[in-house]
Amino acid sequence: MAPWDSLMTSSNSSIGQLASFYLSGIPGYEDVQHFISIPFCVFYLTGLVGNCTVLHIIHTDKSLHEPMYYFLAMLSFTDMGMSISTLPTVLRTFWFDAKEIEMNTCVAQMYFIHTFSLMESAVLLAMAFDRYVAICDPLRYSSKLTPQRIVYIGVFIIIRCSTVLPVVLVRIPTFSFCHSHVLSHSFCLHQDVIRLACSDISFNVLYGLFVVAFYWGVDSLGIFLSYAFILRSVLLIASRGGKLKALNTCVSHICAVLVLYVPMIGLSLVHRFAKHSSPIIHITMADIYLLVPPVLNPIIYSIKTKQIHQGLLRILLSKRIGLAHT
């Protein structure tokens, strides 16, 4: 048993600011965790560079200053937020074996991880609405999605997602933690922390269910309904080429939705039906949920969206020409 395990499983309870938690790497692979950190570094670097590139392309190419690409910029921003939220503790755990994290730091990390996750879902809903208007009501697309309304949507998403979590997170420092303080992951998640509490966590559990239903549930329902109307409109298009062209504009967004929701559903199922399975399964599912979307989204949009693909090629060619002249 590791030193912190024996310390944290002692009978003495800790409350509030006195409590610290201990992050976990991958159980059983502590001797090679420096090598395990390499793919994590590659994922983080790929995600950050990819999303920065997408933001740069949208910012510098005036022809991309349209609703669809503004929403894509929001998605890249939230992806970067998700990556940066977990980056410090993950790399610190694997590189330096520094696993202790203070209560306030843990609560702050929980806030940013869950907030950016909610923002990602909300942005995908906004993008689904954008595709719905573009396909079902194209003549009024520009009048419905004006730059001012897009700003309003962005501000609404930020307020909606950033104000819901403090209600439960401010309660965590008041809890008593009288058992193990070892978390299951190399970052702090709300459901992972409250399971260690000896206090009454009923409010946190019920409020968590409310957030899942009212945020994730409403967002996923809105996305589903948007595509139901889109599919109905596409089926009314006479030509086969027209149908394929309309659906092709949705492929990138559908992939982004699947990249976020499939790991999230998988993680929920593992927590619900495989509580006693190997910890590696839980760790892997959580890592996929938080690391894969920021990596795959810029790749998907770079491949499937012609304008982003062309912008990326311009950047690569300009650098190659610059190197040739040096």
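Residues numbered from 1 in each chain as written. Predicted model: local features only at pLDDT ≥ 70, side-chain atom pairs only at ≥ 80, totals over all residues. Heavy atoms only, no water.

- As named in an unreviewed UniProt entry, the protein is Olfactory receptor, taken from Rangifer tarandus platyrhynchus.
- Here is the UniProt Sequence similarities (unreviewed entry) comment for the protein, exactly as written: "Belongs to the G-protein coupled receptor 1 family."
- Per its UniProt entry, the protein bears the Function (unreviewed entry) comment "Putative odorant or sperm cell receptor." (UniProt positions renumbered as here; feature names shortened; annotations may be inferred.)

### A short note on the packing of helix 4 (residues 103-136) against helix 6 (residues 147-162)
Then, number 1: Between helix 4 and helix 6, whose axes approach to 9 Å, the crossing angle comes to 145 degrees. Relative to helix 6, helix 4 is oriented so that their crossing is right-handed. For the pair formed by helix 4 and helix 6, the contact residues are Tyr111, Thr115, Leu118, Met119, Ala122, Val123 and Ala126 on the first element and Ile153, Ile157, Ile158, Arg160, Cys161 and Ser162 on the second.
Then, number 2: Of the residues that constitute the contact of helix 4 with helix 6, the class distribution is 10 nonpolar, two polar and one charged. (Axes fitted to C-alpha atoms, helices over the stretch in contact; angles between N-to-C directions. Helix = DSSP H or I, 4+ residues; strand = E, 2+ residues; numbered from the N terminus. Left-handed = near helix turned anticlockwise from the far one by under 90°. Contact = heavy atoms within 4.5 Å. Nonpolar A, V, L, I, M, F, W, Y, C, P; charged D, E, K, R; others polar.)

### Regarding the pattern of salt bridges
Then, number 1: For the coordinates displayed, the defined rule picks out seven salt bridges.
Then, number 2: As a salt-bridge pair, arginine 314 and aspartate 61 come within 2.8 Å of each other at their nearest N and O atoms. Here arginine 314 is found in helix 13 (residues 306-325), whereas its partner aspartate 61 is found in the loop between helix 2 (33-60) and helix 3 (67-96), with 253 residues between them in sequence.
Then, number 3: Of the charged contacts in the structure, one is a salt bridge between lysine 144 and aspartate 137, with a shortest N-O distance of 3.0 Å.
Then, number 4: Judged by its relative accessible area of 26%, lysine 144 is partly exposed.
Then, number 5: Counted as one network, the salt bridges with shared partners bring together Asp137, Arg140 and Lys144. (Salt bridge = Lys/Arg side-chain N within 4 Å of Asp/Glu carboxyl O. Buried < 20%, exposed > 50% of the residue type's maximum accessible area, 1.4 Å probe, protein only.)

### Examining the state of the cysteines
Then, number 1: A full pass over the atoms with the stated rule returns two disulfides.
Then, number 2: In this model, cysteine 106 is linked to cysteine 188 through a disulfide, with the two sulfur atoms separated by 2.1 Å. A torsion of -120 degrees about the S-S bond marks the disulfide between cysteine 106 and cysteine 188 as left-handed. Taken together, the positions of cysteine 106 in helix 4 and cysteine 188 in the loop between strand 4 (176-177) and helix 8 (190-194) put the pair 82 residues apart, joining distant regions of the chain. (Disulfide = S-S within 2.5 Å.)

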